[in-house]
Amino acid sequence: MRNNQSPTPSESGSILSAYSYRSGRNLPRPVTSNMCTSATSKTQKYLRRLIKFKQMDFEFALWQMLYLFVAPQKVFRNFGYRKETKSQFARDDPAFLVLLLASLCFTSFGFTFLFHLGFFQTLYFIMYVVFVDFLLASLISASILWALSNKFMREGSSENVEWGYSFDVHINAQFPPLIILHFVMLIFYKVLFSQEWFIARLLGNTLWLLAIGYYSYISFLGYNSIPYLKKSRTRLILVVVPIFFLFYLVTIIIGWNLNITLMNYYHYRVL
């Protein structure tokens, strides 16, 4: 029987409206809450649950994935509620990570089909994408933003941002780009994005702009939802959007198709 660790989608609306962390209304700590739980023990508990699928709330994780596209701010309200009830912002349920990895494997298999790879090449490609392009890059990106948020964004001597929360923010922000660049682009690559037409380059590069915009905005929401971080500093995360927009205009002008570059990178890395 599934051990619910997070409110179900049907419950989340009423809970969040009644107990919004940002509203300033404090909830009593649950009796089972361990205020002294170390980051190491939390991480160990999280990793142990990666193989306990019956205890994961996949329904709620799917709800979060949907709302990361349509209303990402609602996802981070739940993180605030978790801080009030479990004394941590970070997820204690790895269901979202498991579904994200499954999505990544599925879309990566689509690339191997497009490249007509053999069995061992397919296995190598998927493992490289999962362990290097995703997990290693996620650990590095989350660690950088975690260090920057604690060093430059905190107000005075307030508590530190949890590394696990920074990792959650990163994988939240990475899900829309994954669907845009590993699924939508893949479907239309042969018939449209692989062509040298102007419209193919325009639409294809616009997908990259949309993906970067999603990543930056969701990352901003994640850190902006922490009440003890300076809002003027968290807004700096959005600076990457106008910078990439200028880069986007340059690629359109000089005729650089970013999707073809991505495909060449994947193709020649395997072959």
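Chains are numbered independently. Their residues run from 1 in the order of the written sequence. At least 70 in pLDDT is required for a residue's local features to be given in this predicted model, at least 80 for side-chain atom pairs to be given and counted, and no such filter applies to totals for whole chains, interfaces and linings, which use all residues. To obtain the side-chain values, all non-hydrogen atoms of the structure were included, while hydrogens and water were left out.

### Considerations on the overall build of the protein chain
The condition that has to hold: Each helix corresponds to a stretch of at least 4 residues labelled H or I by DSSP, and each strand to a stretch of at least 2 residues labelled E; elements are numbered beginning at the N terminus. Contacts are assigned to residue pairs with any non-hydrogen atoms lying within 4.5 Å of each other. The protein chains shown are the only cover counted for residues, whose accessible areas, like all others here, come from Shrake-Rupley with a 1.4 Å probe.
Each helix and strand counted, the protein chain has 11 helices and zero strands in total. The secondary structure elements of the protein chain, listed N-terminal to C-terminal, are α-α-α-α-α-α-α-α-α-α-α. Looking at the protein chain alone, contacts between residues at least 24 apart form 80% of all its contacts between residues at least 6 apart. Carbon and sulfur atoms make up 68% of the accessible area of the protein chain, which totals about 14200 Å².

### Thoughts on unusual backbone geometry
Applied cut-off: For every residue, the accessible area (1.4 Å probe, protein chains only) is compared with the maximum for its type, and the residue is labelled buried under 20%, exposed over 50%, or partly exposed between those bounds.
Phi at H116 takes a positive value of approximately 60 degrees, unusual for a residue other than glycine. Turning to its location among the elements, H116 is positioned in the loop between α5 (95-115) and α6 (119-153). For H116, a relative accessible area of 70% gives the class exposed.

### A word on the packing of helix α3 (residues 58-70) against helix α7 (residues 163-193)
This is how the line gets drawn: What counts as an axis is a line fitted to C-alpha atoms, over the stretch in contact for a helix, and the angles between N-to-C directions run from 0 to 180 degrees. Oblique is the label for any angle not under 35 degrees, not over 145, and not in the 65 to 115 range, which are roughly parallel, roughly antiparallel and roughly perpendicular in turn. For this scheme, ten residues count as nonpolar: Ala, Val, Leu, Ile, Met, Phe, Trp, Tyr, Cys and Pro. Four count as charged, namely Asp, Glu, Lys and Arg, and the remainder, Gly too, count as polar.
In contact at an axis separation of 10 Å, α3 and α7 are set at 75 degrees when each is read in the N-to-C sense. It follows from the interaxial angle that α3 and α7 lie roughly perpendicular. From α3, M65, L68 and F69 reach across to α7, where they touch N172, F175, P176 and I179. Partitioning the contact of α3 with α7 into residue classes produces six nonpolar, one polar and no charged.

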